[in-house]
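Spelled out from the first residue to the last, the chains are:
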Amino acid sequence: MIIKSAELETVCGITSTLPETEMPEIAFAGKSNVGKSSLINGLLNRKSLARTSSQPGKTQTINYYNINHDLYFVDLPGYGYAQVSVEIRAKWGKMVERYLHTSKQLRLVFLLIDIRHEPSENDCIMYDWIVKNGYEPVIIATKLDKIKRSQIQKNLKIIRQKIQPVEGTIIIPFSAQTKQGKEEILQLIEDRIAE
Ligand code: GDP
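The sections below set out a description of the structure shown in this document. Everything quoted here is computed from the prediction, not taken from an experiment. (Residues numbered from 1 in each chain as written. Predicted model: local features only at pLDDT ≥ 70, side-chain atom pairs only at ≥ 80, totals over all residues.)

Our next topic: the sheet that holds strand S2 (residues 25-30). Strands pair in a sheet through their backbones, by hydrogen bonds, and they do so in one of two ways: parallel or antiparallel. Pairing is mixed in the open sheet, where seven strands are placed in the order S1-S3-S4-S2-S5-S6-S7. Looking along the sheet, the strands with just one partner apiece sit at the ends: strand S1 (6-12) and strand S7 (171-173). When the angles between neighbouring strand axes are averaged without regard to direction, this sheet yields 25 degrees. The sheet contacts of helix H5 (residues 182-194) involve S2, strand S4 (71-75), strand S5 (106-114), strand S6 (138-142) and S7, and relative to S5 the element is tilted by about 160 degrees. (Pairing = 2+ DSSP bridges. Helix = DSSP H or I, 4+ residues; strand = E, 2+ residues; numbered from the N terminus. Axes fitted to C-alpha atoms, helices over the stretch in contact; angles between N-to-C directions. Contact = placed C-beta atoms within 7 Å.)

Turning to the environment of Asn41, a few remarks are in order. As for its position among the elements, Asn41 is in helix H1 (residues 36-43). Judged by C-beta crowding, with 18 C-beta atoms within 10 Å, Asn41 ranks as partly exposed. As for Asn41 and Ala176, which are separated by 135 residues in sequence, their C-alpha atoms are 8.6 Å apart. Setting aside its immediate chain neighbours within four residues, Asn41 contacts Arg46, Lys47, Ser48, Leu49 and Ala50. (Buried ≥ 20, exposed ≤ 12 C-beta atoms within 10 Å, placed from the backbone.)

Right, let's talk about the environment of Ala176 for a bit. Inspection of the secondary structure assignment puts Ala176 in the loop between S7 and H5. Ala176 sits in the buried class, given 21 other C-beta atoms within 10 Å. Sequence separation between Ala176 and Leu144 is 32 residues; the distance between their C-alpha atoms is 8.2 Å. Once you skip the residues sitting within four places of it in the chain, Ala176 turns out to touch Gly35, Ser38, Leu39 and Gly42.

The subject of this paragraph is the site of the ligand. Near the ligand you find 19 residues, and of these Gly35, Lys36, Ser37, Ser38 and Ala176 are the closest. Tallying contributions element by element places H1 first for the shell around the ligand, with three residues. (Near = placed C-beta within 6 Å.)

Right, let's talk about helix H2 (residues 86-102) for a bit. With 17 residues, H2 extends 24 Å between its outermost C-alpha atoms, agreeing within 8% with the 24 Å of an ideal straight helix rising 1.5 Å per residue. Three or more residues of H2 are buried, namely Trp92, Met95, Val96, Tyr99 and Leu100. Within H2, the buried residues cover an arc of 130 degrees as seen down the axis, which keeps them to one side. Looking at H2, the residues exposed on the side facing more than 90 degrees away from the buried face are Val86, Glu87, Ala90, Lys94 and Thr102. On its buried side, H2 packs onto strand S3 (62-67) and helix H3 (121-132). (Expected span 1.5 Å × (residues − 1). Arc of directions from axis to C-beta.)

Right, let's talk about unusual backbone geometry for a bit. Most peptide bonds take the trans configuration, and most residues that are not glycine carry a negative phi. The residue Gln164 is not glycine, and still its phi comes out positive at about 50 degrees. Locating Gln164 in the fold gives a position in the loop between helix H4 (152-163) and S7. Taking the number of C-beta atoms within 10 Å as the measure of exposure, Gln164 has 11 and is therefore exposed. Residue Lys179 is not a glycine yet carries a positive backbone phi of 70 degrees. Position of Lys179 among the secondary structure elements: in the loop between S7 and H5. For Lys179, a count of 13 C-beta atoms within 10 Å translates into the label partly exposed.

Everything listed here is a matter of coordinates, which is why it stays silent on function.
See below:
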């Protein structure tokens, strides 16, 4: 897929009505700081279109990026940030659930997990949530450049063991620094929206 244009089109707050889009949607979910903005910016060849984590967990919005006037990237708010209140966390949950439940155009959900660490309980909950809503998430193991080559397979195995994804689940290691994994992810998106 060649990125010809990318712009932030809609930002939905906690109580906003989600837009009824006419184009396929590709969603990105993951814990705060996992590298979600870096992935989105990397896929789009942009430095700072997607928000960065200067205030992780503070921005509880769902952002719709219009890509090529062909599809949307939907950036779901990051979870698991320790310093947000229980109230905000509950609102976050409702918002993400509402999105997964009501989107009619959602074709693919990427769940981002840091390749360095064992997935958290929240990662497992998020995975199960996505599956319960009828989607099979593709896992992106982020920050690939931060571990040694010899560690990659071992760490991917730990992710599989903890998440217990459905059979056939794809895990794509990705680095925002080297862009390794980028073409595979873009190809997957292209294939999925063509289906
Ligand atoms: P978000 O909260 O999930 O949107 O995370 P960000 O994309 O803002 O990334 C959080 C931090 O991790 C930032 O300091 C990034 O520069 C860093 N980061 C993200 N992806 C990578 C990566 O692939 N490699 C390295 N070395 N650092 C990364």
